[in-house]
Amino acid sequence: MIRKLTFPLLAALAMLAAAVLATWPLAAQLDSHLIGHPFGDTTEYLRHIWALGQALLAGRDPFFQPDLLYPAGLDGAWLWSLPLQSFPQVVLQFVMPLTAAHNLTALGILTLNGLTMACFVRWLLRHEVRFAATGRAVDAAALLAGVSFTIAPSVMGQLGIGHTGVISLYPAVGFLWALLRLIAPRPRTRRALAGEIALTGALFAASLWGSLTLLVYVTAPLAVFALIRAYQARALLRWAAACIVGGLFTLPFVLPALGAAERAGDGFTSEGAVTFSADLLAVVSPSFNNPLYANFTYNRAVLGIDPFEGAAYLGILPMLLGILALFRVKQARLWALMIALVWLFSLGPLLKVLGNLVSVTLDGYPGYVSLPHALLSQLPGLDIARTPARFNLAVSIGMAVVLAYGACVALTWLSRRQTRLVGPATALLLLAIGLDLRWFAAFPMIPADIPLAVTALSDHDERARAVFNVPWDHPLVDKEAMYLQTEHTLPLIGGHIARQTPLNPAKGALLQGTLQADLLHEAGVDVIILHRNWDDDAGALEAALRARFGQPYHEDEALLIFRVPAYSGPAAGFVALSQIPERLTNTGDLYFYAPAPGGALFSADVRALPSPSTLVLSLDGVVLGSFPINGAAQVTLWVPFEAGYHTLTAALEAPCAGAPFDGLACAALELTNITFAPPEAAP
Amino acid sequence: MSRRLALPLGIFFAYLVIAVAVTWPLATMLDSALAGFPYGDAYETAHHMWWFGHALQTGQSPFFASNLAYPAGLDGITLWSNPLHFFPAWLMTYVMPLAVAYNLQLLLTLALNGLAAWGLARWLLRREWPNAPAALPAFFAGLVFMLFPAMQGHLGAGHAGLMVQWPLPLAAWALLRLDGHRRVRDVLLAAGLGALVNAGHPLQLLYALAPLAGVLLLAALARRAWGTAGRIGAASALAVALAVVFLIPTFSATFGSAAYADEGGSVRYSIDLLAPVTPSFFHPVASAWEYPRRVLGVNIDEGAAYLGLAAGGLALLAMLRARPSRVWAVLALLAILLALGPLLKVFDTPVSFTIDGYRSYVTLPWALAADLPGFSLARAPGRFTFVLALALSVLTSYGAGWLSVHARRVSMVALPALMLLTAFEYQTFWPLPTTTAMVPQAIADLRDRQDIRAVFDIPWGNLVTAKAGLFLQTAHEHNLIAGQVTRSTPVSPARLTLLETHLSPDLLRDVGVDVVIVHRGQDADGSLYARALDRLGAPAYEDASYAVFDVPQTSAAPRYDTVQATTQPAPAATTYVYAPYPLWVRVRATASSADVSTRAVRLLIDDTPANSASVTNETALEWFLPLTGGFHTLTVTGEPACPARVPAGQTCAVLVSPLEVAPGEDAVFTDLDFRAPGQANTDYALTLRAAFVPLLSPAGNTTLRVPLWWSFARAITQNDIRFVHVIAPDGSLAAQQDTPLADAAAGAMLADTALIDIADLPPGEYRLRVGWYTYPEIAPYCALDFGRCEGDFLDLGAVAIR
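Starting from 1, residues in each chain are numbered consecutively following that chain's sequence as written. Think of it this way: whatever chain is written first is A, whatever ligand is written first is 1, and the rest follow in order. Predicted model: local features are reported for residues with pLDDT of at least 70 only, side-chain atom pairs are reported and counted for 80 or more only, and whole-chain, interface and lining totals are derived from all residues. Excluded from the side-chain calculation are hydrogens and water; included are all heavy atoms of the structure.

### A short note on the overall build of chain B
This is how it is decided: We count a stretch as a helix when DSSP gives it H or I for four or more residues in a row; a strand needs E for two or more, and each element gets its number in order from the N terminus. Think of it in three bands: residues with accessible area under 20% of the maximum for their type are buried, residues over 50% are exposed, and the middle band is partly exposed, with areas taken using a 1.4 Å probe on protein chains only. In this description, contact between two residues means that some pair of their heavy atoms is separated by no more than 4.5 Å. Residues scored as positive are Lys and Arg, those scored as negative are Asp and Glu, and His as well as the terminal groups of each chain are ignored. Working definition for charges: the position is that of NZ of Lys, CZ of Arg, CG of Asp or CD of Glu.
Each helix and strand counted, chain B has 25 helices and 34 strands in total. In terms of its C-alpha atoms, chain B occupies a principal-axis envelope of roughly 110 × 65 × 55 Å. When burial is assessed residue by residue, chain B has 56% of its 802 residues classed as buried. Taking contacts inside chain B between residues at least 6 apart in sequence as the whole, the part at least 24 apart equals 75%. Averaging the locations of the 49 positively and 58 negatively charged side chains of chain B gives two centres separated by 17 Å.

This is the structure in structure tokens:
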């Protein structure tokens, strides 16, 4: 028993050490800093973990978030589908500070990833390789695979933006092990077979507990890979049975989340498939944060704007060992094929090289180089997977295996000549891989402290109904706002469960754009927090807040907190705020608040610049009218509405998206003299 | 020997009968019509066949078309590169009319295509099933290959050279033989037949041999048959080397001419995704359907690729049952993939999609190759369907062969029936489109006139006119002002447009045009005819198709003339200019940027960049240029140029108003060289080609303009400073302009205008000096006189400032 546990224990220690080193200085700042870059999702996750804990303590439904999107609250069922993202921390926070709970969980995930990979690879090498590998070589190769997977750049990149759920890959590795074991032709009893199928199905479901999108990025590619290997009818049947059982196990977690996503509408689906796809050269681009490669220039061009999602570096030694495996181990070739195909999908729908989309003009047709992902992303259900670069998580699993095959070949060769050298050689390889793959010289961290004034908000201001964080539409402001909530505990006007706030943009824009007392009062805003890092460059919002509310309640480098004075005047009337640019190339919005149902007349002088275009006007996404403009014209439209906040959108029928191709410019409409008012308010 | 030949001869005649049947009624009009649509290449091909025979008869080089592009003649080297395009027809013209020779060559080629595919299939089937009857399956293969819709589509387009596909099965046979035959002579045979594939069309090496040899090579490598792979590789390389003997002169001629190299069309001339399942809309049955017209509507010549139910079914059977057929299935799939071209088309429209706000088209593997040097000449990826025809014919033979082996009795009945079905399914035209080969006697009689230097067929820009003009030449035998060897005429559009637009007798006479033929079918509104009547008088001959005008004698000398090719603001504005002698012209235009950004425009003289300028909002542009005597094309275009297809939501970044080109003073081309500091004594860096020095400064103008025209032997940068100095009578520097010009590459030319402030200069006679120096070293360039350094500047002459 002890002998059986020796390798896992040693491997766990090695993986923990690798995780600590790769995330340094995390271990030294466990309770003072949060793992992840300020641009990441750490603060958002922390808030959800805290809220789940608070709900459990108070005996409330943890999956309804009444303190977000005040006063309606938000459906938090999505969090139920990602237990590995927050549940361990929810439990741990009862015995340690929230910050330490989250950081320790991150280290734990990395360790488990590596340990699972090491054990899987050890099993694979022992059961699959037809050449006579020595036990030492197998153990050493498994250790190398585990460490390389623990610190894989694609994993580190995700952790860098706080995606602790997405990097929870150990169940996926376990699923692969179970699936390969299941389809392997060997005698077993019916009961044993049923048990194996149930285990595989359970691991299938567990592989999605970190993030549902892992189904597309990791679980499905691994399952397809196993399917290709299951070339016998019986194996195919077992494969199908495991996937069906896995699907059934998944349903209890997925269905509530899908329901929440359906109810949230656009809140969960946002674009980004091109932005968050990997560059063609990403697999050979080490981090510019790694001191060894800090002076390279091409890796800055490749990863510059996205060293997190775009991280896909495979490493010099892993690639060399992989090539060795390709020549010497037949099984490695199928893994290599899987890696190549999945990597192709990681490139996203359009080819990028050195950070730029590759544009081509073929026979006069300007366009980009489309890739297979363009087809995949059009399939129903898969459009939720908006970050093709995450296919590199599956690539890193494949690379770890191929590396192990290659290392096993090399170390077996060595052990047959100089057995004593296997240990030092393994250590050298570990060191080389660690130095090569290192993604951050110092792992990005966020100070966990929150100003006392924020904490005191709930204590000193008993009448505060909700907090409005501005600029409201900046995603990082919304995340920071949610983290501040863990201290002030007051409801938020904004907030979100995932990706972006579902706050009605008309409400957010009018509250922030007008700062009208009646509107703020009606919305329940008693405190406004300006996040100065994300204020406009000219400081216009800060100036407006100071002019409107005078001296802030609290002021520091990052935050300005204003108390909204009590209001007892008349109810808000019709208010409109146009943010339609004079030169319209895409879309522009006019936000308005109507206290009662009615209608208003939209009018604008419109001129086509220079080619004819069609202006489309829509109210809350419903098209009201189209106006072909050839030259100049006055556009008028009667807009009927219900009471509440609304968005009137002016858009070109064919909007100019992305940068125009060479030799081209955006077609545009010039909109001037825009008026929008109900009859009684018309001038 | 005669016994061994009897079977192939019999098969050949059987295929010939089939060829006659499917091209009906061609056989009934062999001497009065040419196979193919009037808009096809039949006239052009017939002309070249005639030219070969005529040139040899009259002791001229058949590879230099001295009777085209009068008076310069045209490099006809492309005629050298594809001998089987015109042979044996040109030989037959000695003993039969041109039309008969042309049509007979096509019919014989069709039959030969069938015969070659039959031979390959028979050989393959005997290897697979040595004791099985191979007659019907092999015949089936030949039938599929010769009648494949791509073949018939090109027949309709009059692509006689592309019809020569019989070397392809022979090359396949020779390459496959290398699996067991290891002698050098086997490799040489394969190389020879491989090179022969290219003898009908210079790009068959790419369209046919490359995919065939590539797949066979990969198949050998996959089998680890290293020796076979090596021999296939060697034979292919040798075939390319042999073909290059023919191709090198072609490439050097074609890359030098925009008429060949800039044609484009790789999307238009690729097949539709649905083409493999789309029969011809001329088919007696399918003509009633709608979708074939949507798929093949404008591209039946190059886009036909219908696999057919019978052939497709047998191919599927082969893939499932005959293992050796799978390599041919791979070849067929590869051919389809390549033939789809660079962008996926459905219903003849490129499929577009928008992801993340980026609108694009679905790019296909051919897009990787489409813009590579050499590959860019291959503007019709649809022609990969010839390899598809071969692969399908072999697959069909395997399917039919398997049927013969496993269901012998059924196959005896089924195979002939399936062959009939295939011939019916593949029928791409019924009846075959033909073009009249009759030339009016009055035009033929022009041959006897000795006073005609050249004939001008108008409208010259119409391709049908251009090709018909070539065919008329086979009768009148006089030089043509335009004319082409392939694709479109390389004669300057300025020359042809100015001649056609004004039909001015003095200009026509000056360039040697004594007869103008108006092709009335291409003059729909009769405006050309009316203009010809007005300028040239009554026609010497006219009928519904042609009007022949003699250009009146005149003693007047042609004068400066311009024609604006664009009359509205456009992404590129062009004006054609005729300069009777070297002169300076002033070019004016207004360019407007479509948005608030600063854009760039470029000035081109005869397609050569001459200068550029920035454009913000609306910008007035002005350049001074020296023109040599003759015809010139002046263009101002956005830089980078606006693509031909503008996606929705976008517009051309720059619009340029029509160019105003006004004549100025006479120009003198001086060619005075400058040597850069540190440059070798035998070398020079740049040349002042021409300069204009006003004798008197313009009255009331405080700026002196000095137009200069430079050419650069080596690149210059912003650190090279051009100066123009105004020297006072006492030798002191009175005014100057020292400025870097735009970065220019070696070989570039630049229209430069020095602007010197003379507001403060007292009246008097000053001298102008021009030169260069480097910055920051202030090291002067050396002005050369017969290679000798004469000083740091060049004296341009005197100017009187008032």
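Following the structure, the description resumes.
### Let's talk about the domain arrangement of chain B
For the record, the criterion: Throughout, the edges of the domains are those of an automatic or database domain assignment.
Along its sequence, chain B is carved into domain 1 (2-30 + 76-425), domain 2 (449-471 + 480-550), domain 3 (561-665) and domain 4 (668-801). Here the C-alpha centroids of domain 1 of chain B and domain 2 of chain B sit 39 Å apart.

### Focus: the pattern of salt bridges
We apply this condition: Criterion for a salt bridge: a side-chain nitrogen of Lys or Arg within 4 Å of a carboxyl oxygen of Asp or Glu.
Per the counting criterion, the structure on display carries 34 salt bridges over all chains. Across the pair R122 of chain A and D139 of chain A runs a salt bridge, and its minimum N-O distance is 2.6 Å. Here R122 of chain A is found in helix α5 (residues 98-128), whereas its partner D139 of chain A is found in helix α6 (residues 135-150), with 17 residues between them in sequence. Residue classification places R122 of chain A among the buried residues on the basis of a relative accessible area of 16%. Residues R453 of chain B and D514 of chain B are paired through a salt bridge, measuring 3.0 Å at the closest nitrogen-oxygen approach. On the criterion of sequence distance, the pair formed by R453 of chain B in the loop between α21 (441-444) and β9 (454-458) and D514 of chain B in strand β11 (residues 513-519) is long-range, its members being 61 residues apart. Here D514 of chain B falls in the buried class, since its relative accessible area comes to 3%.

### A look at the state of the cysteines
Cut-off, in case you're wondering: Disulfide: a pair of cysteine sulfur atoms within 2.5 Å of each other.
If you walk through the whole model with that rule in mind, you get three disulfides over all chains. The side chain of C656 of chain A participates in a disulfide bridge whose partner is C666 of chain A; the two sulfur atoms lie 2.0 Å from each other. Its S-S torsion of about -65° marks the bond between C656 of chain A and C666 of chain A as left-handed, since a negative value means left-handed. One end of the pair, C656 of chain A, is in the loop between β20 (644-652) and β21 (664-666); the other, C666 of chain A, is in strand β21, with 10 residues separating them in the sequence. Overall, C656 of chain A belongs to the buried group, its relative accessible area being 6%. Exposure remark for C666 of chain A: the relative accessible area of 14% places this residue in the buried category. The partner cysteine of C782 of chain B in its disulfide is C789 of chain B, sulfur to sulfur 1.6 Å. Of note, the bridge from C782 of chain B to C789 of chain B carries an S-S torsion of about 135° and is right-handed in sense. Unpaired in terms of disulfides, C408 of chain A finds its nearest cysteine sulfur in C119 of chain A, a separation of 15 Å.

### Here we look at the domain arrangement of chain A
Residue and element names in this part refer to chain A. The criterion, for reference: Here the quantity called buried area is the total loss of accessible area, with a 1.4 Å probe, experienced by two parts when brought into contact, counted for both. We call two N or O atoms a polar contact when they sit within 3.5 Å, provided that within protein one can donate a hydrogen and the other can accept it, with sequence-adjacent residues counted only if both atoms are side-chain atoms. Residues are grouped as follows: Ala, Val, Leu, Ile, Met, Phe, Trp, Tyr, Cys and Pro are nonpolar; Asp, Glu, Lys and Arg are charged; every other residue, Gly included, is polar.
Here the domain parsing of chain A yields domain 1 (2-30 + 76-437), domain 2 (451-563) and domain 3 (575-681). Once you take the C-alpha centre of each, domain 2 and domain 3 turn out to be 29 Å apart. Contact residues are listed per partner, giving 12 residues for domain 2 and 10 residues for domain 3. Ranking the residues of domain 2 by area buried against domain 3 places A506, L510 and L519 at the top, with a combined share of 45%. At the junction of domain 2 with domain 3, the criterion picks out zero salt bridges. Our enumeration of links across domain 2 and domain 3 arrives at two residue pairs in polar contact (both at pLDDT 80 or more). Breaking the side of domain 2 that touches domain 3 down by element, the ones donating at least two residues are α20 (505-514) and α21 (517-523). When residues of the side of domain 2 that touches domain 3 are assigned to their parent elements, the largest contribution, eight residues, is made by α20. Class assignment for the residues of the side of domain 2 that touches domain 3 results in six nonpolar, four polar and two charged.

### Points about the interface of chain A and chain B
In plain terms, the rule: By definition, two strands form a pair when at least two bridges between them are found by DSSP.
Between chain A and chain B, the contact holds 38 residues from the first and 39 residues from the second. Across the chain A/chain B interface, buried area totals approximately 3,200 Å², and carbon plus sulfur atoms make up 60% of it. Among the residues chain A hides against chain B, the three largest losses belong to L362, D363 and Y365 of chain A. Together they make up 22% of the total. On the surface where chain A and chain B come into contact, there are 18 residue pairs in polar contact (both at pLDDT 80 or more). Mapped by element, the contributors of at least two residues to the side of chain A that touches chain B are β6 (359-362), β7 (365-368) and β21 of chain A. Looking at side-chain class alone, the side of chain A that touches chain B contains 23 nonpolar, 11 polar and four charged residues. With three bridges joining them, β21 of chain A and strand β21 (residues 650-652) of chain B adopt antiparallel strand pairing. Bridge pairing in β21 of chain B places A665 of chain A opposite T651 of chain B.

### Quick notes on the nonpolar core
Selection criterion: In this description, a nonpolar core means a group of buried Ala, Val, Leu, Ile, Met, Phe, Trp, Tyr and Cys residues linked to one another through side-chain atoms lying within 4.5 Å.
Ranked by size, the top nonpolar core spans 188 residues in total, and within it L175, W328 and V516 of chain B carry the most contacts. Among the nonpolar cores identified, the runner-up in size contains 182 residues, and C243, A311, L403 and L520 of chain A belong to it.

### Focus: the environment of A466 of chain B
All names here are of chain B. Tracing the chain through its elements places A466 in helix α22 (residues 463-476). The class of A466 is buried, set by a relative accessible area of 18%. Measuring from C-alpha to C-alpha, the distance between A466 and Y529 comes to 17 Å, with 63 residues separating the pair along the chain. If near-sequence neighbours (up to four positions away) are discounted, A466 is found in contact with W460 and Q484.

### Some remarks on a nonpolar patch on the surface
All names here are of chain A. Formally: Only residues whose relative accessible area exceeds 30% and that form no salt bridge enter a patch; like-charged residues are grouped when within 9 Å of one another, and nonpolar side chains (Val, Leu, Ile, Met, Phe, Trp, Tyr) when within 5 Å. Accessible areas in this description were obtained via Shrake-Rupley with a 1.4 Å probe; residue shielding takes into account the shown protein chains only.
Taken together, the side chains of I244, L248, L251, L255 and L258 present a nonpolar region at the surface, about 480 Å² in accessible area. Mapped onto the elements, L255 comes out in helix α11 (residues 233-264). Among the residues examined, L255 registers a relative accessible area of 51% and is labelled exposed.

### What to know about the packing of aromatic side chains
The line we're drawing: Working definition: a ring pair exists when centres of Phe, Tyr or Trp rings (six-membered ring for Trp) sit within 6.5 Å. Plane angles under 30 degrees give stacked, over 60 give edge-to-face, the rest tilted.
Within this structure, the stated rule accounts for 56 aromatic pairs over all chains. For the ring pair F549 of chain A and F562 of chain A, a centre distance of 6.1 Å and an interplane angle of 45° mean the geometry is tilted. Of this pair, F549 of chain A sits in helix α22 (residues 540-549) while F562 of chain A sits in strand β12 (residues 559-563), and the two are 13 residues apart along the sequence. Seen in terms of ring centroids, W123 of chain B and W173 of chain B are 6.5 Å apart; in terms of plane orientation they differ by 80°. Their pairing is edge-to-face. With W123 of chain B in helix α6 (residues 98-128) and W173 of chain B in helix α9 (residues 167-177), the pair connects residues that are 50 residues apart, well separated along the chain. On the basis of relative accessibility, which here comes to 24%, the residue W173 of chain B falls in the partly exposed class. Taken together, the ring pairs connect F52, F63, F86, F87, W90 and Y94 of chain B into an aromatic cluster.

### Focus: the sheet that holds strand β19 (residues 632-641) of chain A
Residues and elements named next belong to chain A. Read across the open sheet, the four strands follow the order β14-β22-β16-β19; overall the sheet is antiparallel. Here the strands that pair on one side only, and so sit at the sheet edges, are β14 (583-584) and β19. Here two bridges tie β14 to strand β22 (residues 668-677), and the two strands are oriented antiparallel to one another. Each bridged residue has a counterpart across the sheet, and for R583 the counterpart in β22 is E670.

### What about the sheet that holds strand β13 (residues 546-550) of chain B?
Residues and elements named next belong to chain B. Our working rule: Whenever a helix is involved, its axis is fitted only over the stretch in contact; in every case the axis is a line through C-alpha atoms, and angles between N-to-C directions fall within 0 to 180 degrees.
In spatial order, the strands read β10-β9-β11-β13-β12; together these five strands make up an open sheet with mixed pairing. The open sheet has two edge strands with one neighbour each: β10 (479-480) and β12 (541-542). The pairing of β11 with β13 spans five bridges and is antiparallel. Within the sheet, the bridge partner assigned to I517 lies in β13 and is V548. Sheet strands in contact with α22 are β9, β10, β11 and β13, and its direction is about 125° off that of β11. Set on the sheet, helix α25 (residues 527-536) makes contact with β9, β11, β12 and β13; between it and β13 the angle comes to about 20°.

### Examining the packing of helix α8 (residues 170-183) of chain A against helix α9 (residues 190-206) of chain A
Helix-helix packing is characterised by the crossing angle of the two axes and by the distance between the axes. Residues and elements named next belong to chain A. Definition in use: Any angle from 65 to 115 degrees is called roughly perpendicular, while one under 35 is roughly parallel, one over 145 is roughly antiparallel, and all others are oblique. A clockwise turn of the near helix away from the far one marks a right-handed crossing, whereas an anticlockwise turn of less than a right angle marks a left-handed crossing.
At their nearest, the axes of α8 and α9 sit 8 Å apart, and the two run at 155° to each other. Comparing the axis directions of α8 and α9 gives the class roughly antiparallel. The handedness of the crossing between α8 and α9 is left-handed. On α9, the residues that touch P171, G174, F175, W177, A178, L179, R181 and L182 of α8 are L193, E196, I197, L199, T200, L203, F204 and A206. Considered class by class, the residues forming the contact of α8 with α9 number 12 nonpolar, two polar and two charged.

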